[in-house]
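Chain by chain, the residues run as shown.
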Amino acid sequence: MISADAEFVRGGKFHRKGKHWKMVAYVSEKITEDAPLAAWRKVSRQIGLAEYRVVTGKVDGVAFFRFPSVAMDSSAQRGAVDFEMPRQLLKVPENYRTQFCVSGRNPDNPDEVLVNVAVFPDRVMEKFSRKMQKAGVLADEFIYPFMALDNDLDSLVLPEIDPEFCYTGNSWMPLPPENVCNENSEKWLARLQKSFVLPRKKDFVPRDYLMLLLAAEVLAGGKMTDSPESFRVLPDPVRPVRFRGHLIMTALLAILLIVSFAWRFTLTFGDDISEYRRILSETKRVQQKNKELKSSIKRSSKDIKEMTRLLDTEAGEADAVAEFALFSETLPQNVLVSSIRWNKSDIDVTVQCEDSNFDFDQLFKPLKYWKVSQQGRQNQDSAVATITLKLTPFDAEVKK
């Protein structure tokens, strides 16, 4: 934790010890005019970025008040705070951030709760955060010291925050005499020593670290844990991004682990994978070759069939021309051959003549070779009759 006022920047580190928090380290640096941010850097470097860092101290222009309300969730309570601000402040800032928490119940009305409210104008908080950025100081949150007020101690004198006024009861009052201020500080330190184990070294002055202990009291007392969003006033640029290094290291280790697994897999199954790929490639090559062979066999089969058909075809009739000449001479002049087809063992002839009763069987007897085995007559009643004839050899052996 870090606290800052106009003259000093102080830091403290706490570790939990049973039910108490022990201050295990503390440091104090005076702010100099020639290097006002040096004190911030030294304290931040010596204290270190703990699990949760809180900044507190003097911020010019902050307004604080307490008001009675009812118990409700933080979002609804924020609306009540905004509604109450015009009654408590002389002028409500145009842009502001609020920090609030429930600090006890009204003894006269158990249904009422008392709410502590700190109002931070945006320009003020941005100026404070720029100072932290220049000094390289990061913090999770800012806690105003007066947020520690509650029913047990409702008065707080902090000249470091306001040298002319103190908060007592439910209002701001002029600063009381020194003995009253010291008495108030002693009350607060006596209370804080019940929650914290403080160093017992001679150079440690508890009063110098009162602001820091008050902010630690708010954090340790659970006020911030109940509704952390109600304390959020610090701009994002000065908030630390936690676990970034852990995430980067996790990502690197994950990458190394994946590479290790890949390398181990390659060593273990690399030869098998290469063999599998070789066999797969060989299989594809054989399949392609098989496909080509099937196509070649199919083409060869067609060629063989065609050659077989040609081989099975008998040689034609050598005397066909002479036979046709003899056939033509035998037919009378009034007979017209419209079609003729020489088959393997017979001849189909279609003729047209004027005499439908013409005796073709008698006509072809002189040939001594062909005889009419079938006759068909069409259009007998017309002037020209169509007659179909089938001529067959007298003896097939003679033809051979």
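Here's a quick rundown of the structure. (Residues numbered from 1 in each chain as written. Predicted model: local features only at pLDDT ≥ 70, side-chain atom pairs only at ≥ 80, totals over all residues. Heavy atoms only, no water.)

Here we look at the sheet that holds strand β7 (residues 109–121)
Okay, step 1: Strand order in the open sheet formed by three strands is β5-β7-β6, with antiparallel pairing between adjacent strands. The open sheet terminates on both sides in strands that have one partner only, identified here as β5 (63–70) and β6 (96–106). This sheet shows a mean twist of 25 degrees between the axes of neighbouring strands, independent of strand direction.
Okay, step 2: Bridge count for β5 against β7 is eight bridges, and the pairing is antiparallel. (Pairing = 2+ DSSP bridges. Helix = DSSP H or I, 4+ residues; strand = E, 2+ residues; numbered from the N terminus. Axes fitted to C-alpha atoms, helices over the stretch in contact; angles between N-to-C directions.)

Details of the pattern of salt bridges
Okay, step 1: Taken as a whole, this structure holds 14 salt bridges when the rule is applied.
Okay, step 2: Among the ionic pairs, glutamate 275 bridges to arginine 278, the shortest N-O distance being 2.6 Å. Pair noted here: glutamate 275 and arginine 278 are both in helix α7 (residues 244–312), with a separation of three residues, about one helical turn.
Okay, step 3: Through salt bridges that share partners, Arg341, Asp346, Asp348 and Lys390 make up one connected network. (Salt bridge = Lys/Arg side-chain N within 4 Å of Asp/Glu carboxyl O.)

Details of empty space enclosed by the protein
Rolled over the atoms, a probe as big as a water molecule pinpoints where empty space is left.
Okay, step 1: One pass over the full model with this rule turns up one cavity of 30 Å³ or more.
Okay, step 2: In this structure, the largest cavity occupies an estimated 60 Å³ of space.
Okay, step 3: Lining the largest cavity are Glu323, Phe324, Phe327, Ile340, Trp342, Ile347, Phe364, Leu367, Trp370 and Leu391.
Okay, step 4: Top contributing element to the lining of the largest cavity by residue count: helix α8 (residues 320–330), with three residues. (1 Å grid on protein atoms, 1.4 Å probe; cavity = no way out; pocket = protein on both sides within 12 Å on 5 of 7 lines; lining within 4 Å. Points joined across faces, edges and corners; volume = space filled by probe spheres on them.)

Remarks on helix α4 (residues 178–195)
Okay, step 1: Over its 18 residues, α4 extends 26 Å from the first C-alpha to the last, a length consistent with the 26 Å expected when each residue adds 1.5 Å.
Okay, step 2: Buried positions along α4 lie against β9 (155–156), β12 (196–197) and α5 (210–220). (Expected span 1.5 Å × (residues − 1). Contact = heavy atoms within 4.5 Å.)

As for the nonpolar core
Okay, step 1: Counting residues in hydrophobic clusters, the biggest one holds 59 residues, and the most contacted among them are Trp40, Met132, Phe142, Tyr144 and Phe146.
Okay, step 2: For this core, the element with the highest residue contribution is α5, accounting for eight residues.
Okay, step 3: Those residues within four positions of methionine 132 in sequence are excluded, and the remaining contacts are Trp40, Val55, Val137, Leu138, Ala139, Leu234 and Val238.
Okay, step 4: In terms of nonpolar packing, the next biggest core, distinct from the first, is built from 18 residues, Val349, Tyr369, Leu389 and Leu391 among them. (Core = buried A, V, L, I, M, F, W, Y, C linked by side-chain atoms within 4.5 Å. Buried < 20%, exposed > 50% of the residue type's maximum accessible area, 1.4 Å probe, protein only.)

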